[in-house]
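# Observations on the three-dimensional arrangement
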2 protein chains.
Amino acid sequence: MNFENNLEFAKSLDAKDELKKFKNEFFNPAENLIYLDGNSLGKLPLRTKELLKKVIDEEWGSRLIRSWNENWLPRQKSVRERIAKIIGADLSEVNVCDSVSINLFKLSSAVLQLNSDCKEIITDSLNFPSDIYILESVINNFGNKHELRIIESKDEIQISSEEIINSCSKKTALVVLSHVVFKSAYKYDIPLITKELKKKGAYVIWDLSHSVGSVPIKLDEWNCDFAVGCTYKYLNGGPGSPAFLYVNKNLIKDLQNPIWGWFGADNPFNFDLSFTESSSIEKFNVGTQPIISLSALESSLQITIDAGMENIREKNILMTEYLIFLIKENLSEYHIEIGTPLNSKERGSHITLKHKEGYRICKALIESKGLKIIPDFRKPDNIRFGLNSLYNSFEEIFIAVKRIKEILDMNEFENFDLEFDAVT
Amino acid sequence: MNFENNLEFAKSLDAKDELKKFKNEFFNPAENLIYLDGNSLGKLPLRTKELLKKVIDEEWGSRLIRSWNENWLPRQKSVRERIAKIIGADLSEVNVCDSVSINLFKLSSAVLQLNSDCKEIITDSLNFPSDIYILESVINNFGNKHELRIIESKDEIQISSEEIINSCSKKTALVVLSHVVFKSAYKYDIPLITKELKKKGAYVIWDLSHSVGSVPIKLDEWNCDFAVGCTYKYLNGGPGSPAFLYVNKNLIKDLQNPIWGWFGADNPFNFDLSFTESSSIEKFNVGTQPIISLSALESSLQITIDAGMENIREKNILMTEYLIFLIKENLSEYHIEIGTPLNSKERGSHITLKHKEGYRICKALIESKGLKIIPDFRKPDNIRFGLNSLYNSFEEIFIAVKRIKEILDMNEFENFDLEFDAVT
């Protein structure tokens, strides 16, 4: 599309946006705020606000323990169904529980046990560090007999699928990659990598945290082995909402959860004194789930399903392309680099700007009086602008770029200190 | 105290109850309901209902990602502080995260690594099965080199502290016991067992799930090593609210969490590509916590602190003694056995009745028209009546026993089928 560098054009894109009604599904704070951090924590859906009121007042308050059978077990299933729909899987392959890191621990431990002859694990330097830490701990738990190879990105933005494929050999037990990587938004080609690595006998666990809800995912169609992912970014599940995991139906019986808890047992309420593992995907449960946080997912996920992943993707490709256009048009003289692939097929739904004053620019955007724009910051110099098709507009993108230009023009970032908050 | 078997006497006990005002801290459903299952899921505190509204509407809805620094990290600390106060520990020794089972997995794995020369693990047949399953999985993960000894209870009610102590030897790496056991409410003598097992070099992990909030706990004063516990029973944290763990300050540096996630790292937001463990108790964090479920704890725990553990204990001793008196007076002819120690020093805050028709009696109590009484059921024949000093009254206890007598007199349980719900 031929974009134009003016507000009217942004408004004309909004006028044609078929998803724009979904903005009204969310609570939009009264203040003068443009929220571009949905890749870190999604907005509050109004139907989730309603559902949580019911969960707290009626289900916990009035029905008390009876809600386990009446509401909470059925809801865990309906949340699993919705995740399955969004990631192209069957209900029987999806569980919702615990955190991404703990789920990756379960699956990677199980894969090393399954694939015990191979002693190499491959990941990349673009992966979310917690995924790498989990692999380090699993290697430690298995007696430090495995080698962890971290494929380095030359430009800190991407690594070709071919390089990943060529790095693997018959020795490779496991590959763990983020579908969309957290800093640059580079997106791997899951179907290609899956097909080629199957030939080499390596299993792959995909971390879908930064892609789920922003990019169509078809795990069954792509013949994937395993995946984990988070629900509080593009899926708007609320702070720390439980994570999910996926195991291909052909592999469930071969895997053993390394953490045996009562909810992973064949019949938890038999209270047998020795563990018998569930034969279903529920074997990956451990303890009691945080029901209030989990309940939020039921209503939040439905918005993504209602909007449709193809529509969501179509809009965020247009939004990221428009943002890149505006950056090139308006910010080219300010020593700013785009830290995201320029080809929309190779990126998710955020755009990263790199600038040596990135942290203070970020603070100026968030903390100035008047208009506030919220991106987030990832060391050393990455400002991430997350674009959520469900509630962000082209006008917001236009205004955000204008504001960045203003901050750079006036050196406004110099008014802010370099002290880092705990969470950036 | 000399109890009397009449309603007026029950009312006179309520009149003298110094904690009775705390009932108004909770949401009490309009229906004709006596809730005696606070040992499974505590009632909804009104201040928690208010706090959660703020968390959802303001913190998530309006402040969005900014709430991590403004609200959610500080709240995790204030929740830890409150738990520390309730279990007699220092803030630096307490973490709140994940589930009891996952926390037991972390600690028991860490202890086996620390105490690697000893190959025996001891627990008992009264322990909550998930604790035993976790130990089985840890043994499996360590290559099946450890022996798990499950000390059997002869009467299914108790095991003397001496028997536990005598079962341990220099070979014993780890002992895992429930402070108050889930079926019979038998309470172990933590100070005695701790003192004697220290002489043998065995570490002890106490599961406080059924004692915390109902029995005074002084982990530091008792010189304990480790503990885990749940927050949704007597502490009223809400369904599946996050669990806690305790590590004695002298042992933190020696332990390694087997699951290395970013929130257990020295500086999570540095995003280093290799894990450096936090030196504090926060090393036992893994991923992002479910903030809404966790937030409920801040206000819920404060009620227990306001009421005072000594007062709570004094009242629940009186309540359980009164319930035992009423059972003996009214139900002695109905083939009912009391499955709880009769000495109040040896029990927590629930009373278990054993009857071969236990499940259907339970259903009759819960599902009959008119007055509903909610206990819970644990196979094969245990009806548990949990008494929470914060909201249960002596009058409720009197009415409950009268109702049980009525059900038995009229064989009302025969109107109910034996089909088990998923959660009992």
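Okay, the overall build of chain A next. For chain A, the count of helices and strands is 11 helices and 13 strands. The C-alpha radius of gyration computed for chain A amounts to 22 Å, which stays within 12% of the reference 22 Å derived for 424 residues, consistent with globular compactness. Principal axes of the C-alpha set define a box for chain A whose edges measure 70 × 55 × 40 Å. A burial count over chain A gives 67% of its 424 residues as buried. When the accessible area of chain A is evaluated, it comes to approximately 14,800 Å², of which 48% is carbon and sulfur surface.

Counting residues at the interface gives 84 residues for chain B, matched by 84 residues for chain A. Overall, the association of chain B and chain A removes approximately 7,400 Å² of surface from exposure, summing both partners, and the carbon and sulfur fraction of that is 68%. Run the count over chain B and chain A and you get two salt bridges. Across the pair K49 of chain B and D57 of chain A runs a salt bridge, and its minimum N-O distance is 3.7 Å. On inspection of chain B and its partner chain A, the count reaches 29 residue pairs in polar contact (both at pLDDT 80 or more). Counting only elements with at least two residues in the side of chain B that touches chain A, the list comes to β1 (33-35), α2 (46-63), α3 (67-87), α4 (100-114), α5 (129-141), α8 (291-307) and β11 (372-374) of chain B. Class assignment of the residues belonging to the side of chain B that touches chain A gives a composition of 43 nonpolar, 27 polar and 14 charged.

All names here are of chain B. On the secondary structure map, L208 appears in the loop between β6 (203-207) and β7 (226-229). Under the relative-accessibility criterion, L208 is labelled buried at 0%. Each C-alpha atom, one on L208 and one on N223, is 15 Å from the other, the two residues being 15 residues apart in sequence. Apart from residues no more than four positions distant in its own chain, L208 is found in contact with I87, H179, I190, I217, L219, A227, V228, G229 and F244.

What follows is about the relation of the copies chain B and chain A. Its rotation angle being 180 degrees, the transformation that places chain B on chain A also includes 0.0 Å of axial translation and leaves an RMSD of 0.0 Å. The superposition operator between the copies reduces to a two-fold rotation axis. Taking C-alpha positions as reference, the residue of chain B nearest the rotation axis is S293 of chain B, located at 2.8 Å. Comparing contact sets, 100% of the residues at the interface of chain B also lie at the interface in chain A, consistent with an isologous, same-surface contact.

By a widespread convention, an interface's size corresponds to the accessible area lost as its parts come together. All names here are of chain A. We note that the domain assignment places domain 1 (7-44 + 308-415) and domain 2 (50-306) within chain A. Contact with domain 1, which involves 35 residues of that partner, is made by 27 residues of domain 2. Across the domain 1 to domain 2 interface the summed buried area is about 2,400 Å²; carbon plus sulfur atoms make up 57%. Inspection of the region where domain 1 meets domain 2 yields one salt bridge.

Bringing the pattern of salt bridges into the picture now. All names here are of chain A. Applying the stated criterion across every chain, the model contains 58 salt bridges over all chains. A salt bridge links K54 to E59, with the nearest nitrogen and oxygen atoms 2.7 Å apart. Connected through shared salt-bridge partners, K54, E59, R75 and E298 make up one network.

Here we take up the environment of K183 of chain A. Residues and elements named next belong to chain A. Examined against the element boundaries, K183 turns out to sit in the loop between β5 (172-178) and α7 (190-200). Overall, the relative accessible area of 19% leaves K183 in the buried class. In this structure the C-alpha to C-alpha distance between K183 and N127, which are 56 residues apart in sequence, comes to 8.7 Å. Once you skip the residues sitting within four places of it in the chain, K183 turns out to touch H350, T352, R378, K379, P380, N382 and R384.

Our next topic: the state of the cysteines. Applying the stated criterion to the full structure yields zero disulfides over all chains. Here C118 of chain A stays unpaired: no disulfide links it, and the sulfur of C168 of chain A, its closest cysteine neighbor, is 11 Å away.

Each value, and the rule that gives it
Residues numbered from 1 in each chain as written. Chains lettered and ligands numbered in written order. Predicted model: local features only at pLDDT ≥ 70, side-chain atom pairs only at ≥ 80, totals over all residues. Heavy atoms only, no water. Helix = DSSP H or I, 4+ residues; strand = E, 2+ residues; numbered from the N terminus. Rg over C-alpha atoms; globule rule 2.2 N^0.38 Å. Buried < 20%, exposed > 50% of the residue type's maximum accessible area, 1.4 Å probe, protein only. Areas by Shrake-Rupley, 256 points an atom, 1.4 Å probe, with all protein chains shown as cover. Contact = heavy atoms within 4.5 Å. Buried area = accessible area lost by both parts, 1.4 Å probe. Salt bridge = Lys/Arg side-chain N within 4 Å of Asp/Glu carboxyl O. Polar contact = N/O pair within 3.5 Å; in protein donor to acceptor, adjacent residues only side chain to side chain. Nonpolar A, V, L, I, M, F, W, Y, C, P; charged D, E, K, R; others polar. Least-squares fit on C-alpha atoms with pLDDT ≥ 70 in both. Domains from an automatic or database assignment. Disulfide = S-S within 2.5 Å.

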